[in-house]
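Chains, contacts and geometry: an overview
Each chain, written out:
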Amino acid sequence: MECPHCGFKQMEYVAAKSTICRQCGRSFSPSAPKPGLKLKDDSAVAPEELPLHKKLEGIWSRQRNRVVSCFECKRKHEVSDQATSTNCPGCSAHIDLRDYKITTSFSRTIRTRGDVNLTTKGDLSSTSVICHSAIVEGKLRGNLECEDSMVINLVGKIPGRIGAQNMTVEKKSDIQCFRRVRVTNIDIKGRMSGEIIATGSVTIHKTGTLDGNVTAKSIAIEKGGMFTGQLAIGQANLTQGELLPEAKAAEKKSESEVPLAAAQPLHAT
């Protein structure tokens, strides 16, 4: 059979009444007459028929692909934007591509390369939610990790772990995070309380307020923005333990310079 929309040819059952084109994804009937076959005069053109370059533009705009990575082996491959699931070509693991819109209480684990929309009436208490991007407007009591971006428009407490590449706290937000927030970049336009670990930059806009410790490569505070807490600029993975060996060496050196007699303690009298 030949698709009347894009001209793609595919095999179909001889008694099929309808099918879907595997190229453009549009439905058609194999028994229906093809458009343009009724015209006997080549000079006549049907008024509803589009030029060839317009058809190609329509097909190109519909065929949008994206690149997803496997949860298990991290291999990336290209899939259709209309697909709801796929299998990794490397390890054959199943990859969910669906979008989730949470409008009620939800406690199941989510692991998808699609998006998650937690509405104002939603209550997400899952222990683990992994997605491409998320919009948080309802109660978030579980853990949420985004591969790309997270937008928070919420007034309340977030007891679970949250993390994303790019996080935005909207103007009307007033959140209190009880666990460390791990991000690459974060824009704070509302009120936020919590500890931030950023491998990139932290930006506090003129309407933003941040109360908590920050470890980041850079920080920018616009005029009118407020920040209260301890600030460490540099490597986000720097720990105090990395400075201990040098301190111990200096301590041993100072002890060796002291005379042995002076180091002996005196008896109490």
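Just above, that's the structure.
Keep in mind that what you see is a predicted model, and the values were worked out from it rather than measured.

A look at the packing of aromatic side chains
- The final tally for this structure, using the stated rule, is 0 aromatic pairs.
- The side chain of R113 reaches across the aromatic face of F71, ending 3.9 Å from its centre.

Here's the deal with the sheet that holds strand β8 (residues 105-106)
- Reading across from one edge, β8-β11-β14 is the order of the 3 strands in this open sheet, with parallel pairing throughout. The sheet terminates laterally at β8 and β14 (139-140), the two strands that pair on one side only.
- Bridging between β8 and strand β11 (residues 123-124) involves 2 bridges; their strand directions are parallel. Along β11, the bridge assignment pairs S105 with D123.

A few points about the nonpolar core
- The biggest cluster of nonpolar side chains holds 36 residues, and the ones touching the most others in it are L144, M150, I162, M167, M192 and I196.
- If near-sequence neighbours (up to four positions away) are discounted, L144 is found in contact with V129, C131, A134, V136, M150, R161, I162 and G163.
- Core analysis: the second largest hydrophobic core is formed by 8 residues, V68, C70, F71 and L97 among them.

Digging into the pairing of strand β10 (residues 115-118)
- Covered by surrounding structure in β10 are V116 and L118 only, the residues D115 and N117 on the alternate face being uncovered.
- As paired strands, strand β7 (residues 100-102) and β10 are joined by 3 bridges and run parallel to one another. Residue pairing for β10: K101 is matched across the bridge by N117.
- Sheet topology note: the β10/strand β13 (residues 133-136) ladder contains 4 bridges and is parallel. Pairing of D115 across the sheet is with S133, part of β13.

Some words on the sheet that holds strand β19 (residues 174-177)
- Reading across the sheet, the 5 strands line up as β17-β19-β21-β24-β27 and stay open at both edges, with parallel pairing between neighbours. Edge positions in the sheet fall to β17 (155-158) and β27 (226-228), since each has one partner strand and no second. Each strand axis lies, on average, 10° off the axis of its neighbour in the sheet, ignoring direction.

The rules behind the values
- Residues numbered from 1 in each chain as written.
- Predicted model: local features only at pLDDT ≥ 70, side-chain atom pairs only at ≥ 80, totals over all residues.
- Heavy atoms only, no water.
- Phe/Tyr/Trp six-rings, centres within 6.5 Å; stacked < 30°, edge-to-face > 60°.
- Lys NZ or Arg CZ within 6 Å of the ring centre and 35° of its normal.
- Pairing = 2+ DSSP bridges.
- Helix = DSSP H or I, 4+ residues; strand = E, 2+ residues; numbered from the N terminus.
- Core = buried A, V, L, I, M, F, W, Y, C linked by side-chain atoms within 4.5 Å.
- Buried < 20%, exposed > 50% of the residue type's maximum accessible area, 1.4 Å probe, protein only.
- Contact = heavy atoms within 4.5 Å.
- Axes fitted to C-alpha atoms, helices over the stretch in contact; angles between N-to-C directions.

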